[in-house]
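# A closer look at the structure
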Amino acid sequence: MESATLVRLIKDAVRSGDRVWADLGSGGGAFTRTLRALLGAEADIYSVERNAATLRQQRKAWPVEDGSPRTHFVHADFTGALDLPPLDGLLLANALHFVADQIGALRQLRHYLKPSGTLAIVEYEGRSASPYVPFPIPYDAFERLITEAGFHQPRRLTTVATRYGRGMYSATARLSLA
Ligand SMILES: C[S@@+](CC[C@H](N)C(=O)[O-])C[C@H]1O[C@@H](n2cnc3c(N)ncnc32)[C@H](O)[C@@H]1O
């Protein structure tokens with residue numbers, strides 16, 4: 001995906017003053033690098049990935065000009081206990097669709113966010129279940145899930161065209177009503 005598309009998907013999820021984000025199920029790190037570009041050099045970014053080889057690759061490919069000690073590569077399963085500081089935001093880009101118990105996972109992830117924190121998601125619209133997307137989350141399902149998990153203010157940010165399904169959307173939800 002082109003970097004302009006990555007930026008378009010998540011730029012409105014990030015708020016000025018945000019200093020700590022996590023990218024859960026970060027894969028090759030495309031969105032982690034986008035978060036770095038949006039948040040700036042002073043932010044702490046936690047890149048969480050359960051596949052050790054994928055995480056090693058991501059670390060190796062991390063741009064040398066961003067040798068920031070503030071990028072933290074974490075080998076972990078985000079459905080388990082994570083050692084993270086209170087987050088301004090957490091991103092699940094094409095990662096929550098691998099989880100069968102999505103409400104349970106979202107309820108647990110709430111605890112990592114500051115009260116003012118943002119949950120951001122990137123998922124496919126209009127895809128059927130497959131080994132690539134075992135538990136699809138079209139936007140209307142996201143709204144239901146996020147409300148049941150105790151979040152507020154679900155909001156679709158944008159949708160971009162993709163080869164599969166009816167595009168890829170980004171959305172946010174907040175912990176507090178404010
Ligand atoms: C389709 S890739 C998406 C990668 C990246 N977020 C992106 O959109 O470019 C999904 C990634 O999430 C990781 N993943 C899936 N479930 C996970 C879990 N429970 N904990 C940590 N990583 C997970 C997979 O290993 C894979 O690297």
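Now for a look at the structure at hand. (Residues numbered from 1 in each chain as written. Predicted model: local features only at pLDDT ≥ 70, side-chain atom pairs only at ≥ 80, totals over all residues. Heavy atoms only, no water.)

## Quick notes on the environment of R156
When you line up the elements, R156 lands in strand β6 (residues 152-160). Residue class for R156 comes out partly exposed when judged on its relative accessible area of 38%. Sequence spacing of R156 and V122 is 34 residues, and the spatial spacing of their C-alpha atoms is 9.9 Å. Side chain to side chain, R156 and T159 meet in a polar contact 3.3 Å long. (Helix = DSSP H or I, 4+ residues; strand = E, 2+ residues; numbered from the N terminus. Buried < 20%, exposed > 50% of the residue type's maximum accessible area, 1.4 Å probe, protein only. Polar contact = N/O pair within 3.5 Å; in protein donor to acceptor, adjacent residues only side chain to side chain.)

## Re the site of the ligand
In the neighbourhood of the ligand, 13 residues make up the surrounding shell, with G25, E49, D77, F78 and A93 lying closest. Contact between the ligand and E49: an oxygen atom at 2.6 Å from a side-chain N or O atom of the residue. In the environment of the ligand, an oxygen atom lies 3.5 Å from a nitrogen or oxygen atom belonging to the side chain of N94. Burial of the ligand by the protein chains amounts to 81% of its free accessible area of 600 Å². (Near = heavy atom within 4 Å. Areas by Shrake-Rupley, 256 points an atom, 1.4 Å probe, with all protein chains shown as cover.)

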